[in-house]
Every structure is written in structure tokens, then in C-alpha cells.
Amino acid sequence: MAHFAEIDDGSRVLRVLVVPDDQEHRGQDYLALDLGLGGRWVRTSYNASIRYNFAGNGYTYDPGRDAFVPPRLGEDWVLDEATCRWDPPIPYPSDGGPYRWNKEDGGWIPA
């Protein structure tokens with residue numbers, strides 16, 4: 001099964017749908033025409049073998065990089081060109097514990 005992301009005019013991902021194996025070579029036409037969904041569809045991969053990251057809600061498609069880029073969690077986060085993911089201004093703690101980013105304080109807090 002192949003996955004395709006619907007992209008709006010602002011390059012935002014609207015949804016991701018699965019296309020049957022026998023239609024993956026024509027996924028855009030299958031979704032837009034055969035199923036009558038219209039729109040612009042770009043293939044994505046759950047194992048990130050194409051376009052860097054699996055597309056999801058809140059992601060954008062960057063045609064220049066041919067990449068799906070996740071949402072930026074803060075203004076001071078920097079895009080890693082090698083992964084097309086945002087790097088935090090403070091590295092993730094290495095003690096093995098679960099953490100989440102606190103937008104208000106700009107740091108990691110225990111999850």
C-alpha cells in the first residue's frame with residue numbers, strides 16, 4: 001500500500017490516504033480523478049524512505065527540498081537540512097527519561 005498526502009495551496013498537509021498497490025504508480029490520478037477527491041496529492045512513506053518524513057497533520061510540503069517538514073515548536077528552533085526536522089535550541093536530555101517541550105519556558109520538562 002502506498003500513502004499519499006493531500007496538500008492545500010499553502011503547502012499544508014490536509015490528510016493522508018492509502019492507495020491500493022495496483023494504483024500506487026498513478027496515486028495522484030487515482031485519488032483526484034478516479035475517486036473524485038480532487039486536490040493535489042504527493043506520495044509519502046511511513047518509513048520515511050522518500051521525502052524525509054511521513055506526512056501528518058500540521059506538516060508542510062516543501063517542494064524545493066521535496067520534503068515533508070513537521071511543525072516548528074518554537075521560533076528559536078532551526079531546521080536540520082539533513083533530516084528536514086527542527087532542532088531545539090536546547091538538546092534533548094540524554095538521561096533516558098521521557099520529556100516534552102515546554103513552549104512557555106522554552107525548555108524540556110519531564111513527560
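Here's what I pulled together on the structure shown here. Quantities reported herein were computed from a predicted structural model and do not represent experimental measurements.

### Description of the environment of Pro 98
Right, on to step 1. Note on placement: Pro 98 falls in the loop between strand S7 (85–87) and strand S8 (99–102).
Right, on to step 2. Taking relative accessible area as the criterion, Pro 98 reaches 55% and is therefore assigned exposed.
Right, on to step 3. In this structure, the C-alpha to C-alpha distance between Pro 98 and His 3, residues 95 residues apart in sequence, is 30 Å.
Right, on to step 4. Residue contacts for Pro 98: discarding those within four places in its chain leaves Tyr 92, Ile 109, Pro 110 and Ala 111.

### Thoughts on the environment of Ser 11
Right, on to step 1. Topologically, Ser 11 is positioned in the loop between strand S1 (2–7) and strand S2 (13–19).
Right, on to step 2. Here Ser 11 falls in the buried class, since its relative accessible area comes to 19%.
Right, on to step 3. Sequence-distant contacts of Ser 11, defined by excluding residues within four places in its chain, comprise Tyr 59, Thr 60 and Tyr 61.

### Overview of the pairing of S8
Right, on to step 1. For S8 and strand S9 (residues 107–110), the ladder comprises four bridges, and the chain directions are antiparallel. Looking at S9, one finds that Tyr 99 is bridged to Pro 110.
Right, on to step 2. Between S8 and S9, which pair antiparallel in sequence order, lie four residues; one of them, Gly 106, sits at a positive phi of approximately 70°.

### Thoughts on the pattern of salt bridges
Right, on to step 1. Under the defined criterion, the tally for this structure stands at seven salt bridges.
Right, on to step 2. With its nearest N and O atoms 2.6 Å apart, the salt bridge here joins Arg 26 to Asp 34.
Right, on to step 3. Judged by relative accessible area, Arg 26 falls into the partly exposed class, the value being 28%.
Right, on to step 4. Residue classification places Asp 34 among the partly exposed residues on the basis of a relative accessible area of 46%.
Right, on to step 5. Between Arg 65 and Asp 62 there is a salt bridge, with its nearest N and O atoms 2.5 Å apart.
Right, on to step 6. Overall, Asp 62 belongs to the buried group, its relative accessible area being 19%.
Right, on to step 7. Through salt bridges with shared partners, a single ionic network connects Asp 62, Arg 65 and Glu 81.

Conventions and cut-offs
- Residues numbered from 1 in each chain as written.
- Predicted model: local features only at pLDDT ≥ 70, side-chain atom pairs only at ≥ 80, totals over all residues.
- Heavy atoms only, no water.
- Helix = DSSP H or I, 4+ residues; strand = E, 2+ residues; numbered from the N terminus.
- Buried < 20%, exposed > 50% of the residue type's maximum accessible area, 1.4 Å probe, protein only.
- Contact = heavy atoms within 4.5 Å.
- Pairing = 2+ DSSP bridges.
- Salt bridge = Lys/Arg side-chain N within 4 Å of Asp/Glu carboxyl O.

By themselves, these figures tell us nothing about what the structure is for.
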